[in-house]
Amino acid sequence: MTTTPAPAPHPAPSRRHPARALSAGGAVLLVAAFTQGCASGRVMSEAEFRGHLRQTEAAGREAVRQLGADPAATVDRRSMDDSSCKDDLGLDSEGVTRDQPSVTWAPGLSGPAAYEAALAKLRTAWSARGLEVEEVPAPATGRPGAGLRGIRTTDGHGVGLSLRPDWYSGDPVLRADGGCVRHHGYLARWE
């Protein structure tokens, strides 16, 4: 009696190629969504951006005054750059710049008790204006400013305000941060 061999099983359909296609397609969609997010959004005129600089500094000056300090005497530095705000992918059109304006004041608080009193003053003042006040965790042990928690809020113009230990010195600093802004022109200096 002759037996016919059983037909060889068909190999299971390969799932690698569809998975690769889905993976590559997902990566393309992710990059497209990321670049669309970076490229979209309003671009301020040069005049609007200068107004935003003034609003940023004014918000910080008001907070410094609420601490009983002179903003002109305690201003520490003005900055326009933050590495996370730059257009590394080349998505912005010609003549559009990204800057992150911020002003920092060193109010010269004389120790932990004065710092805690300053936090309480700002928390009360910001809450009275209807602003949501968030706690900022204290730097870890061994870091500058270890043990000193901070607070932050965002005002009605979108300016971030915070009182917290400085990253490098650990001394308390009040910072007004205008956020990452796209604008026309290339501002050479803070006015």
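Criteria and cut-off values
Residues numbered from 1 in each chain as written. Predicted model: local features only at pLDDT ≥ 70, side-chain atom pairs only at ≥ 80, totals over all residues. Heavy atoms only, no water. Helix = DSSP H or I, 4+ residues; strand = E, 2+ residues; numbered from the N terminus. Buried < 20%, exposed > 50% of the residue type's maximum accessible area, 1.4 Å probe, protein only. Contact = heavy atoms within 4.5 Å. Areas by Shrake-Rupley, 256 points an atom, 1.4 Å probe, with all protein chains shown as cover. Pairing = 2+ DSSP bridges. Core = buried A, V, L, I, M, F, W, Y, C linked by side-chain atoms within 4.5 Å. Axes fitted to C-alpha atoms, helices over the stretch in contact; angles between N-to-C directions. Expected span 1.5 Å × (residues − 1). Arc of directions from axis to C-beta. Salt bridge = Lys/Arg side-chain N within 4 Å of Asp/Glu carboxyl O.

K.L.:
Whenever I open this one, the overall build of the chain confuses me. Can you help?
P.N.:
Summing up its helical and strand segments, the chain has 4 helices and 8 strands in all. Secondary structure elements in the chain, listed N-terminal to C-terminal, are α-α-α-β-β-β-α-β-β-β-β-β. A burial count over the chain gives 34% of its 191 residues as buried. Here the analysis covers contacts within the chain between residues at least 6 apart in sequence; of these, 65% occur between residues at least 24 apart. Just so you have it, the chain exposes about 11,900 Å², and 56% of that area is on carbon and sulfur atoms.

K.L.:
In this structure, what is going on with the pairing of strand S5 (residues 150-154)? I would like to understand it.
P.N.:
Two elements, strand S4 (residues 134-136) and S5, share 3 bridges in a ladder whose sense is antiparallel. Paired with Glu-134 across the bridge in S5 is Arg-152. Here S5 runs beside strand S6 (residues 160-165); their pairing, made up of 4 bridges, is antiparallel. Its bridge partner being in S6, Arg-152 is matched across the sheet by Ser-162.

K.L.:
Sorry if this is basic, but what is going on with the nonpolar core here?
P.N.:
Counting residues in each nonpolar core, the largest one holds 20 residues, and the members touching the most others are Trp-105, Leu-122, Trp-126, Leu-161, Leu-163 and Leu-174. Excluding residues that lie within four positions of it along the chain, Leu-174 makes contacts with Gly-60, Ala-63, Val-64, Leu-67, Val-103, Thr-104, Trp-105, Pro-107, Leu-122, Ser-162 and Leu-163. Among the nonpolar cores identified, the runner-up in size contains 5 residues, and Met-44, Phe-49, Leu-53 and Val-181 belong to it.

K.L.:
Honestly, the sheet that holds S6 in this entry has me stumped. Any pointers?
P.N.:
Sheet strands associate in pairs through backbone hydrogen bonding, adopting either a parallel or an antiparallel arrangement. Across the sheet, which stays open at both edges, the 6 strands sit in the order S1-S3-S7-S6-S5-S4 with antiparallel pairing between neighbours. Strands at the two margins of the open sheet, each flanked by one partner only, are strand S1 (75-79) and S4. Within this sheet the neighbouring strands show an average axis-to-axis angle of 20 degrees, counted without direction. Across the sheet, helix H2 (residues 46-66) is in contact with S1, strand S3 (102-105), S6 and strand S7 (172-177); its angle to S7 comes to roughly 150 degrees.

K.L.:
In this structure, what is going on with the environment of Pro-112? I would like to understand it.
P.N.:
With respect to the secondary-structure elements, Pro-112 resides in helix H4 (residues 112-128). Overall, the relative accessible area of 58% leaves Pro-112 in the exposed class.

K.L.:
In this structure, what is going on with the side chain of Asp-99? I would like to understand it.
P.N.:
Tracing the sequence through the fold places Asp-99 in strand S2 (residues 96-99). Its relative accessible area of 8% is what places Asp-99 among the buried residues.

K.L.:
Sorry if this is basic, but what is going on with H4 here?
P.N.:
The α-helix winds at 3.6 residues per turn, so residues separated by three or four positions along the chain end up facing the same way. The end-to-end C-alpha distance of H4 is 24 Å, a good match for the 24 Å that 17 residues give at a rise of 1.5 Å each. Residues of H4 that are buried include every one of Tyr-115, Ala-118, Leu-119, Leu-122, Ala-125 and Trp-126, and no others. The arc that holds every buried residue of H4, seen down its axis, measures 140 degrees, which confines them to one face. For H4, exposure combined with an orientation more than 90 degrees from the buried face picks out Ala-113, Thr-124 and Ala-128. Each element contacted by the buried residues of H4 is listed here: H2, S5, S6 and S7. The first or second residue beyond H4 is Gly-130, which carries a positive phi of 85 degrees.

K.L.:
How do you make sense of the pattern of salt bridges when you look at a structure like this?
P.N.:
Note on pairing: side chains with opposite charge can pair once their charged atoms come close. Applying the stated rule across the entire model yields 10 salt bridges. What you see here is one network of salt bridges that share partners, running through Glu-116, Arg-123, Glu-135 and Arg-149.

K.L.:
Can you help me understand the environment of Gly-108 in this one?
P.N.:
With respect to the element layout, Gly-108 can be found in the loop between S3 and H4. The spatial distance from the C-alpha of Gly-108 to the C-alpha of Pro-172 is 7.5 Å, given a sequence separation of 64 residues.

K.L.:
What's the story with H2 in this structure? I'm lost.
P.N.:
Taking 1.5 Å per residue as the helical rise, H2 with its 21 residues ought to reach 30 Å, and the 31 Å between its terminal C-alpha atoms agrees with that figure. Within two residues after H2, Gly-68 carries a phi angle of roughly 85 degrees, on the positive side.

Structural measurements only, silent on function.
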